[in-house]
Amino acid sequence: MVDDYARRLQIYDWNRRSQLLSEVSLPFAEEMDDRKAKLAAAGFITGVLERWDLDKVDDPEQARLYLMSLNPAHRELAVRYLEENPEAAPDGAL
């Protein structure tokens, strides 16, 4: 499932990728308690991001997704981008 979504979403810009990943993650909330649902959604997002294997964040929506990842390297890339582009930081991101 993760491989399939990573492949399908790769053609879209980061805004659309973010929207679609949010939609895919919604069912987790219906099936699990809040804590487990957030962890499952973050795990799914992490898996998709790992399939893309990017070594740079260059978009505010990409940074937002990378901040939600369970992978510390993803979060580090997002923080670096947001420090260099503070106007792109969502409230409370840093």
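Anything mentioned here points back to the structure above.
Note that the structure is predicted; figures quoted are calculated from it, not measured. (Residues numbered from 1 in each chain as written. Predicted model: local features only at pLDDT ≥ 70, side-chain atom pairs only at ≥ 80, totals over all residues. Heavy atoms only, no water.)

## As for the packing of aromatic side chains
Summed over all chains, the structure comprises 3 aromatic pairs. Here the aromatic rings of Y5 and F44 are separated by 5.7 Å at their centres, their planes lie at 75°, and the arrangement is edge-to-face. With a gap of 39 residues between them, Y5 in helix 1 (residues 2-9) and F44 in helix 3 (residues 34-52) connect regions that are remote in the sequence. Where W14 meets W52, the ring centres are 5.5 Å apart and the plane angle is 85°; that geometry is what we call edge-to-face. Of this pair, W14 sits in helix 2 (residues 14-31) while W52 sits in helix 3, and the two are 38 residues apart along the sequence. With a relative accessible area of 10%, W14 lands in the buried category. Three or more aromatic residues joined by ring pairs form one cluster here, namely W14, W52 and Y66. (Phe/Tyr/Trp six-rings, centres within 6.5 Å; stacked < 30°, edge-to-face > 60°. Helix = DSSP H or I, 4+ residues; strand = E, 2+ residues; numbered from the N terminus. Buried < 20%, exposed > 50% of the residue type's maximum accessible area, 1.4 Å probe, protein only.)

## Comments concerning the pattern of salt bridges
Where charged atoms of side chains with opposite charge meet at close range, the side chains can pair. Throughout the structure, instances matching the rule amount to 6 salt bridges. D3 serves as the salt-bridge partner of R51, at 2.5 Å between the closest nitrogen and oxygen. Of the two residues, R51 sits in helix 3 while D3 sits in helix 1, which places them 48 residues apart along the sequence. The partly exposed category is assigned to R51, whose relative accessible area is 42%. Put simply, D4, R7 and R8 are held in one network by salt bridges that share partners. (Salt bridge = Lys/Arg side-chain N within 4 Å of Asp/Glu carboxyl O.)

## Topic: the environment of P90
Position of P90 relative to the elements: it lies in the segment after helix 5 (72-84). Each C-alpha atom, one on P90 and one on E61, is 9.7 Å from the other, the two residues being 29 residues apart in sequence.

## Points about the packing of helix 1 against helix 3
Where helix 1 meets helix 3, the closest approach of the two axes is 9 Å, and the angle between their N-to-C directions is 60°. Comparing the axis directions of helix 1 and helix 3 gives the class oblique. Relative to helix 3, the crossing made by helix 1 is right-handed. Contact residues: helix 1 offers V2, D3, Y5, A6 and L9, while helix 3 offers F44, G47, V48, R51 and W52. Of the residues that constitute the contact of helix 1 with helix 3, the class distribution is 7 nonpolar, 1 polar and 2 charged. (Axes fitted to C-alpha atoms, helices over the stretch in contact; angles between N-to-C directions. Parallel < 35°, antiparallel > 145°, perpendicular 65-115°, else oblique. Left-handed = near helix turned anticlockwise from the far one by under 90°. Contact = heavy atoms within 4.5 Å. Nonpolar A, V, L, I, M, F, W, Y, C, P; charged D, E, K, R; others polar.)

## A word on unusual backbone geometry
Here the phi dihedral of D53 falls at roughly 50°; this positive angle occurs in a residue that is not glycine. Mapped onto the secondary structure, D53 falls in the loop between helix 3 and helix 4 (60-68). The class of D53 is exposed, set by a relative accessible area of 66%.

Shape is all these values report; function is a separate question.
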